[in-house]
Amino acid sequence: MAGWSAAAAADGGAVPVELADALAGLARADSLLIALDFDGTLAPFVDLPAEARATPQAKAAIRRLRAVPRTTVAYISGRPVASLARVTEAQPAELLVGSHGVELRLDGARTEVELDPEERRLLAALDAELAAIVQENPGVHLERKPAGLGLHTRLIPSADAAAVIAEARAAAEALGTGITARGGKDIVEFAVRGATKGDGVRRLREHVGASAVLFAGDDVTDEDGFLALEPRDVGIKVGDGDTAAGYRVSDPLALAAALDILADLRT
Ligand SMILES: [Mg+2]
């Protein structure tokens, strides 16, 4: 398989040679931040989000990386921090960015999200609208987050999902400006505060004092993270779709193989 690393292929995921070269550069960084999306990046998608777990290969690679000096692993997700902490099985000291950058848990200290009165009003109004849509569409699930709401449509047929999402977007628009909508895989998410995963990457970089960053993600919301990267950093898109990332792997197993290579190079 020309263009793919044979060593990584033995682990079940193929890592492009150009990415392996970039990881070698990253491995020499003075202080390295490895910021990872969770769903679809470390963990395969499952019907029940609470049951998602990173692949054993990803867990093993992350464990190795966490043991390396001047190396920090963090998670950046659209999930609320509380949910992210459960599915990653993160230790209290691990760095978590939840709700697309709205919530941060840095070194065990939870940063509360304080909404202003207008944000609270908008959130309550949208909650009522979306709850009504959920009532009428069995199988659609409403996820409540500190500064937003997520409408999950994975369990209903895609034609129905498109109609539900259109209805939800229209309801949000009718409430006026101040609500941002993001489409994702089988989900539409609304936020009353405009933080992104790019803000998450920037906050983590500053917190860690990282001289280089690896960021990996699979979904459209991860593009903000890729756009926050600097020349020395490495962005890895997992799976298909347009991306601003410099590198791409096919699936979570291939990303785990890349993390394993990085652990080899940095140990
Ligand atoms: Mg994801």
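Structural data are supplied above this passage.
Just so you know, these numbers come straight off a predicted model, no measurement behind them.

## Focus on the coordination of the magnesium ion
Of the protein atoms, only D37 (OD), D39 (O) and D218 (OD) coordinate the magnesium ion, at distances of 2.1 Å. For the magnesium ion, the donor residues sit on a single chain with the sequence spacing D-x1-D-x178-D. Taken together, the residues D37 in the loop between β1 (32-36) and α3 (56-66) and D218 in the loop between β10 (212-217) and α8 (223-227) connect sequence positions 181 residues apart. Summarising the burial analysis for this pair, D37 and D218 share the class buried.

## Some remarks on the environment of A90
Tracing the backbone shows A90 in the loop between α4 (81-88) and β3 (95-98). In the structure, A90 is positioned 15 residues away from Y75 in sequence and 9.1 Å away in space, judged by C-alpha atoms. Apart from the residues within four sequence positions on either side, A90 is in contact with A85, L96 and R105.

## Description of the packing of helix α2 (residues 17-27) against helix α9 (residues 252-266)
Here α2 crosses α9 at 40°, and the two axes come no closer than 9 Å. One finds that α2 runs oblique with respect to α9. Handedness of the α2/α9 crossing: right-handed. Across the interface between the two elements, L19, A20, L23, A24, L26 and A27 from α2 touch A258, I261, L262, L265 and R266 from α9. Looking at side-chain class alone, the contact of α2 with α9 contains 10 nonpolar, no polar and 1 charged residues.

## Quick look at α3
Those residues of α3 that fall on the buried side of the exposure criterion are A58, A61, I62 and L65. The buried residues of α3 occupy an angular sector of 100° when projected down its axis, which confines them to one face. Residues of α3 that are exposed and point more than 90 degrees away from the buried face comprise P56 and R63. Buried residues in α3 make contact with β1, β2 (71-76) and α9.

## Considerations on empty space enclosed by the protein
As enumerated under the stated definition, the model contains 1 cavity of 30 Å³ or more in all. Looking at the largest cavity, its volume works out to about 90 Å³. Around the largest cavity sit S99, H100, V102, K145, A147, G148, L149, R182, E189, F190 and A191, which together line it. Put simply, the parts of the chain that give the lining of the largest cavity at least two residues each are β7 (148-152) and β9 (187-191). With 3 residues, β9 is the largest single contributor of residues to the lining of the largest cavity. Partitioned by chemical class, the residues of the lining of the largest cavity number 5 nonpolar, 3 polar and 3 charged. Residue-level mapping places the lining of the largest cavity at the junction of two domains, with at least three residues from each of domain 1 (6-112 + 195-266) and domain 2 (117-191).

## Some points on the nonpolar core
Within the largest apolar cluster, 43 residues are counted, with the highest numbers of intra-cluster contacts made by I34, L36, L42, L214, L259 and L262. Sorting the residues of this core by element identifies α2, β1, α3, β2, α4, β10, β11 (234-238) and α9 as the ones contributing at least two each. In contact with L42, not counting residues within four places along its chain, are L36, D37, R53, A54, T55, A58, I62, Y75, P252, L255 and L259. Among the nonpolar cores identified, the runner-up in size contains 24 residues, and V140, L142, A172 and A195 belong to it.

## Overview of the pattern of salt bridges
Counted under the stated rule, the structure contains 19 salt bridges. With its nearest N and O atoms 4.0 Å apart, the salt bridge here joins D30 to R70. Of this pair, D30 sits in the loop between α2 and β1 while R70 sits in the loop between α3 and β2, and the two are 40 residues apart along the sequence. R70 matches D30 in its accessibility class, with the two residues each being exposed. K197 is paired through a salt bridge with D222; the nearest N and O atoms lie 2.6 Å apart. One end of the pair, K197, is in helix α7 (residues 197-208); the other, D222, is in the loop between β10 and α8, with 25 residues separating them in the sequence. Both residues of the pair, K197 and D222, count as buried.

## What about helix α6 (residues 158-174)?
Between its first and last C-alpha atoms α6 spans 24 Å; for 17 residues at 1.5 Å apiece the expected length is 24 Å, and the two agree. All buried positions along α6 are accounted for by A161, V164, I165, A168, A171 and A172. Looking straight down α6, one finds its buried side chains confined to an arc of 125°; they lie on one side. Exposed positions of α6 whose direction lies more than 90 degrees from the buried face are A159, E173 and A174. Residue G176 follows α6 closely and has a positive phi angle near 95°.

The rules behind the values
- Each chain carries its own residue numbering, running from 1 in the direction its sequence is written.
- Residues qualify for local features only when their pLDDT is at least 70, as the model is predicted, and side-chain atom pairs are given and counted only at 80 or more; totals for whole chains, interfaces and linings, by contrast, use all residues.
- Working from all heavy atoms in the structure, the side-chain values ignore hydrogens and water.
- Note that water is not among the atoms used; donors are N, O and S atoms within 2.8 Å of the metal (3.2 Å for Na, K and Ca), so sites may look incomplete.
- Numbering goes from the N terminus for both helices and strands, where a helix is a DSSP run of H or I of at least four residues and a strand is a run of E of at least two.
- Exposed residues in this analysis have more than 50% of their type's maximum accessible area, buried residues have under 20%, and partly exposed residues fall in between, with area computed by a 1.4 Å probe over protein chains only.
- What makes two residues a contact is simply this: any of their non-hydrogen atoms within 4.5 Å.
- The angle between two axes is taken between their N-to-C directions and runs from 0 to 180 degrees, where each axis is a line fitted to C-alpha atoms and a helix contributes only its stretch in contact.
- Roughly parallel means an angle under 35 degrees; roughly antiparallel, over 145; roughly perpendicular, 65 to 115; everything else is oblique.
- A clockwise turn of the near helix away from the far one marks a right-handed crossing, whereas an anticlockwise turn of less than a right angle marks a left-handed crossing.
- Residues are sorted three ways: Asp, Glu, Lys and Arg are charged, Ala, Val, Leu, Ile, Met, Phe, Trp, Tyr, Cys and Pro are nonpolar, and all the rest, Gly among them, are polar.
- Note: the arc covers the axis-to-C-beta directions of the helix.
- Grid spacing is 1 Å over the protein atoms alone, the probe is 1.4 Å, and a cavity is where that probe fits but cannot get out, while a pocket is an open set with protein on both sides within 12 Å along at least five of seven lines and lining residues have an atom within 4 Å of a point.
- Grid points are joined across faces, edges and corners, and a volume is the space filled by probe spheres set on the points.
- For each domain, the first and last residues come from an automatic or database assignment.
- Each nonpolar core is a collection of buried residues, namely Ala, Val, Leu, Ile, Met, Phe, Trp, Tyr and Cys, held together in the definition by side-chain atoms within 4.5 Å.
- Note on definitions: salt bridges are taken to be side-chain nitrogens of Lys or Arg within 4 Å of carboxyl oxygens of Asp or Glu.
- Take the number of residues in a helix, subtract one, and multiply by 1.5 Å to get its expected span.

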